[in-house]
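Topology and contacts: notes
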Amino acid sequence: SILISTATIANVVRIMPLGDSITAGEHYGYPTYGERTGYRKPLYELLAANAYDVDFVGSLNWGFDIVPPFDCDHEGHPGWSARQIASNVYGWLEQNPPDIILAHVGTNGLSVDNDEDVERMLDEIDRYEKDHNMEITVFLARIIHRYEMDSNEITTAFNDAVEAMALSRVQSQGDKIIIVDME
């Protein structure tokens, strides 16, 4: 039975949902922390329904009042910019090491130049991988357009810059980045 439990543990995929309010499931302070799920709950249920053994990881635990319960750990920080996320991601990875990161960052303080902050976040993930001799796959979102804001052109330009930078990293450095078009 020790071999079975060890094999089972080894097959668990640790996923860190990483981002801002979109990841947290929050919109201008609503709903309450216990009801904040965002995309995390339906994704968790979809993975579980398809027999994937996943463990969402992160220092935050929002969505705890939802029935039926789900694994609601994450790193979704409402109002945080890509720069703030880049400055903190290494520590979060040390606290809760993932196999996969689901990153939707850049919405707050959005400008075309924010792609440099996303690149710094990826640099910190690379530094963590090197320091801990492990590989992390990053699903990097082309961020969604913000509701009722005149920023569609800026969002698209930002997404284009982030995608070009990420694809360059895949080609030149072998980074494990998968672009997800949420735009």
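Above: the structure in question.
About the cut-offs
- Residues numbered from 1 in each chain as written.
- Predicted model: local features only at pLDDT ≥ 70, side-chain atom pairs only at ≥ 80, totals over all residues.
- Heavy atoms only, no water.
- Salt bridge = Lys/Arg side-chain N within 4 Å of Asp/Glu carboxyl O.
- Helix = DSSP H or I, 4+ residues; strand = E, 2+ residues; numbered from the N terminus.
- Buried < 20%, exposed > 50% of the residue type's maximum accessible area, 1.4 Å probe, protein only.
- Expected span 1.5 Å × (residues − 1).
- Contact = heavy atoms within 4.5 Å.
- Core = buried A, V, L, I, M, F, W, Y, C linked by side-chain atoms within 4.5 Å.
- Axes fitted to C-alpha atoms, helices over the stretch in contact; angles between N-to-C directions.
- Parallel < 35°, antiparallel > 145°, perpendicular 65-115°, else oblique.
- Left-handed = near helix turned anticlockwise from the far one by under 90°.

With respect to the pattern of salt bridges
Enumeration over the complete set of coordinates arrives at 13 salt bridges. A salt bridge links Glu45 to Lys41; its shortest N-O distance comes to 2.4 Å. Within this pair, Glu45 and its partner Lys41 are both found in helix α3 (residues 40-49), separated by 4 residues, close to a single helical turn. A relative accessible area of 33% places Glu45 in the partly exposed class. On the basis of relative accessible area, Lys41 is assigned to the buried category, the value being 14%. The partner of Arg169 in a salt bridge is Glu119, with the nearest N and O atoms 3.6 Å apart. In this pair, Arg169 sits in helix α6 (residues 152-173) while Glu119 sits in helix α5 (residues 115-132), placing the two residues 50 residues apart along the sequence. In this structure Glu119 comes out as partly exposed when scored by relative accessible area, which is 30%.

Brief notes about α5
An ideal rise of 1.5 Å per residue puts 26 Å on 18 residues; α5 measures up with 26 Å between its terminal C-alpha atoms. Every buried residue belonging to α5 is among Asp115, Asp117, Val118, Met121, Leu122, Glu124, Ile125, Asp126, Tyr128 and Glu129, and all of these are buried. Taken from the residues just after α5, Asn133 is the one with a positive phi, measuring 50°.

Overview of the side chain of Asn114
Relative to the helices and strands, Asn114 is located in the loop between β5 (100-104) and α5. On the basis of relative accessibility, which here comes to 7%, the residue Asn114 falls in the buried class. Ignoring any residue separated from it by four or fewer positions in sequence, one finds Asn114 in contact with Ala82, Gly106, Asn108, Gly109 and Phe158.

Re the environment of Pro31
Within the element layout of this structure, Pro31 appears in the loop between α2 (21-24) and α3. As a C-alpha pair, Pro31 and Gly63 span 32 residues in sequence and 9.6 Å in three-dimensional space. Setting aside residues up to four positions removed in sequence, Pro31 forms contacts with Gly25 and Arg36.

Remarks on the nonpolar core
In this structure, Leu18, Ile101, Val118, Met121, Ile125, Val138 and Leu140 are the most contacted members of the largest nonpolar core, which totals 28 residues. Of all elements in the fold, only β1 (13-19), α4 (82-95), β5, α5, β6 (137-142) and α6 reach the threshold of two or more residues within this core. It is α4 that provides the largest number of residues to this core, a total of 7 residues. Ignoring anything within four residues of it in the chain, the contact list for Leu18 reads Thr23, Tyr39, Glu75, Ile85, Val89, Trp92, Ile101, Leu102, Ala103, His104, Val105 and Met121. Judged by nonpolar contacts, the second largest core, of 6 residues, contains Leu47, Val54, Ile100 and Leu102.

Some remarks on the packing of α4 against α5
Contact geometry for α4 and α5: axes closest at 8 Å, N-to-C directions at 15°. In terms of their interaxial angle, α4 and α5 are classed as roughly parallel. In this structure, α4 crosses over α5, and the sense of that crossing is right-handed. Note on element contacts: α5 touches α4 through Asp117, Val118, Arg120, Met121, Glu124, Ile125, Arg127, Tyr128, Asp131 and His132, opposite Ala82, Arg83, Ile85, Ala86, Ser87, Val89, Tyr90, Leu93 and Glu94.

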